[in-house]
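The residues making up each chain are set out below.
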Amino acid sequence: MATVKLTNVKKVYGKKVVAVDDFNLEIADKEFVVFVGPSGCGKSTTLRMIAGLEEITEGEIEIDGVVVNDLQPKDRDIAMVFQNYALYPHLTVFENMAFSLRLKKMPQDEVYARVTQAAEILGITELLLRKPRELSGGQRQRVAIGRAMVRDSKVFLMDEPLSNLDAKLRNQMRAEIILLRQKIDTTFVYVTHDQTEAMTLGDRIVIMKDGFIQQVGTPTEVFDMPDNLFVAEFIGAPKMNTFEARLNRMNDRYFVDVCNTRIEVSGEKGLELSRKKVASKKIILGVRPEHVTLSHANDPQAIPCKVEVNEMMGSEIYLHVITPDGEKPVIRVQTIQLDQEQRASLAYGKTIYITFEGKAMHFFDADTTKNLLA
């Protein structure tokens, strides 16, 4: 087990292309940290710099207190699982998992013990004599994880290990990685573009964009208090609704003017705005689809909308609506709460009324996109 520390790390390709810039992060012993962000944000490059597969342009990387900038990957005591599995097709599962141990000239009985123990943990004991071509995608991924496990390394690196699997298998493997983490209890650094994986797997999430860290926090922190509009829209599915709005301060009470409607900011969010003495200003208002509330025509804080799309998802409905001034929010409605008449009232072309509670609102500066309460 080990800590990992990155200090002012930068990666430049050629002379102009900056892939990662000013990256600072400390990963605690036995912590599971997930790097997440859109394609090209620098998350895999950062992982490969930790592994030693990419040279860093500036800064320092420490593993267990030792600066590893000039160490070869084999000398960093890390294990890595790649996106494409990288199994040797001519070797059996056992031999694939044992390969790195044999290179170290480990005694045969210890090789056997480590491989069989890892296979038992991963539930692939019956596959040890098969070749990779005889395995499913999920089984190949378990073998790739097992090959990394047997090395008993200080740090476990995983680069989008589930991206080649179908949705059902991804869900299953995600649960298995959670169980695996509990069994082997080591330091994990995991890269994904899937925010669902990040939210379910990570102790902390590092959200990246264009080579820079946007926010580091627990899943709850980045969901409940995103630092900026990018994080707010990236975390959550469907993504957060945003509206052009104005925040108005009146005698230490706050109101949001949005879609030709005035809504009071009540509760803790209103108190926090007051404590920070936030001035009246143009803002971007954010409200997550699951936090939009269906209302009625007589509610003075309700916004009339017309249903454009009704997506039946089983346990819930995604309503795509349009407001009088052209905003197009999405609303998640639980179907268990609806009778047949209510479902019919949410059909295409129907007019519905929506509102949001103060605690559901997020306030972003219209110019900087920073969260006013973060």
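What this report covers is the structure whose coordinates are included nearby. All figures in this text were calculated on a predicted structure; none of them were measured in a lab. Counting restarts for each chain: residues are numbered from 1 in the order of the written sequence. Local features in this predicted model are restricted to residues of pLDDT 70 or higher, and side-chain atom pairs are both shown and tallied only at a pLDDT of 80 or more, whereas totals for entire chains, interfaces and linings draw on every residue. Each side-chain value is worked out from all heavy atoms of the structure, with water and hydrogens disregarded.

**Description of the pattern of salt bridges**
By definition, a salt bridge exists where a carboxyl oxygen of Asp or Glu is found within 4 Å of a side-chain nitrogen of Lys or Arg. On inspection of all chains with the given rule, the structure shows 20 salt bridges. As a salt-bridge pair, Glu264 and Arg253 come within 3.1 Å of each other at their nearest N and O atoms. One end of the pair, Glu264, is in strand β13 (residues 261–264); the other, Arg253, is in strand β12 (residues 253–258), and 11 residues separate them in sequence. A salt bridge links Arg275 to Glu268, with the shortest nitrogen-to-oxygen separation between them at 2.6 Å. Both residues of the pair, Arg275 and Glu268, belong to the exposed class. Among the charged side chains, a salt-bridge network with shared partners connects Lys11, Arg48 and Glu54. Helix and strand labels come from DSSP, where a helix needs a run of H or I of at least four residues and a strand needs a run of E of at least two; each type is numbered from the N terminus. Burial classes: relative accessible area under 20% of the type maximum marks a residue as buried, over 50% as exposed, and values in between as partly exposed (1.4 Å probe, protein chains only).

**Side note on the packing of aromatic side chains**
Aromatic pairing here means that ring centres of Phe, Tyr or Trp (its six-membered ring) are within 6.5 Å. Orientation follows from the plane angle: under 30 degrees is stacked, over 60 is edge-to-face, and everything else is tilted. This structure, assessed with the given rule, holds 8 aromatic pairs. Aromatic pair Phe32 and Tyr190: ring centres 5.8 Å apart, planes at 40 degrees, arrangement tilted. A residue pair is termed long-range when its members are at least 10 positions apart, and Phe32 in strand β3 (residues 32–36) and Tyr190 in strand β8 (residues 187–192) qualify at 158 residues. A relative accessible area of 1% places Phe32 in the buried class. Classification of Tyr190 as buried rests on a relative accessible area of 0%. Here the aromatic rings of Phe156 and Phe188 are separated by 4.9 Å at their centres, their planes lie at 45 degrees, and the arrangement is tilted. Of the two residues, Phe156 is situated in strand β7 (residues 155–159) and Phe188 in strand β8; the sequence distance between them amounts to 32 residues.

**Description of the packing of helix α2 (residues 93–103) against helix α4 (residues 137–149)**
Contact geometry for α2 and α4: axes closest at 8 Å, N-to-C directions at 30 degrees. In terms of orientation, α2 lies roughly parallel with respect to α4. At the point where α2 passes α4, the crossing takes the right-handed sense. Only Val143, Gly146 and Arg147 of α4 make contact with α2, whose side of the interface consists of Val93, Asn96, Met97 and Ser100. Lines fitted to C-alpha atoms define the axes here, with helix axes fitted over just the stretch in contact, and angles between the N-to-C directions of these axes take values from 0 to 180 degrees. With respect to orientation, any angle under 35 degrees is reported as roughly parallel, any angle over 145 as roughly antiparallel, any angle of 65 to 115 as roughly perpendicular, and every other angle as oblique. Should the near helix be turned counterclockwise from the far one by less than a right angle, the crossing is left-handed, whereas a clockwise turn marks it as right-handed. Residues are treated as being in contact if the distance between any of their heavy atoms lies within 4.5 Å.

**Remarks on the pairing of strand β6 (residues 78–81)**
Residues Ile78 and Met80 line one face of β6 and the alternating positions Ala79 and Val81 line the opposite face, and both faces are buried. Sheet analysis places β6 next to β7, joined by 4 bridges and oriented parallel. From the neighbouring strand, Ile78 faces β7, where its bridge partner is Val155. Between any two strands, at least two bridges found by DSSP are needed for them to pair.

**Observations regarding helix α9 (residues 267–275)**
Listing the buried residues of α9 in full gives Lys269, Gly270, Leu273 and Ser274. Take α9 and look down its axis: the buried residues cluster within an arc of 140 degrees, on one side only. Across α9 from its buried face, at more than 90 degrees, point the exposed residues Glu268 and Arg275. For α9, the elements touching its buried residues are β11 (241–250), β12 and β20 (361–365). Directly beyond the C-terminal end of α9, a positive phi value near 55 degrees is found at Lys277. Directions drawn from the helix axis to the C-beta atoms are what define this arc.

**Points about the sheet that holds β6**
Taking strand neighbours across the sheet as the criterion, the 6 strands line up as β6-β7-β8-β3-β9-β10 in an open arrangement whose pairing is mixed. Both edges of this open sheet fall to β6 and β10 (212–217), since each of them pairs with a single strand only. Averaged over all pairs of adjacent strands, the angle between their axes in this sheet comes to 15 degrees, without regard to strand direction. Across the sheet, α4 lies against β6 and β7, angled at about 175 degrees from β6, the strand it touches most.

**Thoughts on the sheet that holds strand β19 (residues 351–355)**
Reading across from one edge, β15-β19-β16-β17-β18 is the order of the 5 strands in this open sheet, with antiparallel pairing throughout. Whereas interior strands pair on both sides, the edge strands pair on one side only; in this sheet they are β15 (293–294) and β18 (330–334).

**Some points on a nonpolar patch on the surface**
A surface patch of nonpolar side chains, amounting to about 290 Å² of accessible area, comprises Tyr88, Phe99 and Leu103. Here Leu103 is to be found in helix α2. According to the relative accessible area criterion, Leu103 is exposed, its value standing at 63%. Put simply, a patch holds well-exposed residues, over 30% relative accessible area, that have no salt bridge, with like charges counted together within 9 Å and Val, Leu, Ile, Met, Phe, Trp or Tyr side chains within 5 Å. To be clear on the numbers: accessible area is Shrake-Rupley with a 1.4 Å probe, and residue cover counts the displayed protein chains and nothing else.

**What about the side chain of Glu327?**
For Glu327, the location among the structural elements is in the loop between β17 (316–322) and β18. Of the side chains bearing the opposite charge, Lys328 lies closest to the buried Glu327, which forms no salt bridge; the N-O distance is 10 Å. Within the structure, the side chain of Glu327 is placed 3.1 Å from the backbone nitrogen of Glu244, a separation counted as a polar contact. With residues near it in sequence (within four places) discarded, Glu327 still touches Thr242, Phe243, Glu244, Cys259, Val321 and Ile322. Note on charges: Lys and Arg go in the positive column, Asp and Glu in the negative column, and His and the chain ends are not counted at all. Think of a polar contact as two N or O atoms within 3.5 Å of one another; within protein, one of them needs to be a possible hydrogen donor and the other a possible acceptor, and neighboring residues in sequence only count if both atoms come from side chains.

No statement about biological role is implied by the geometric values presented.
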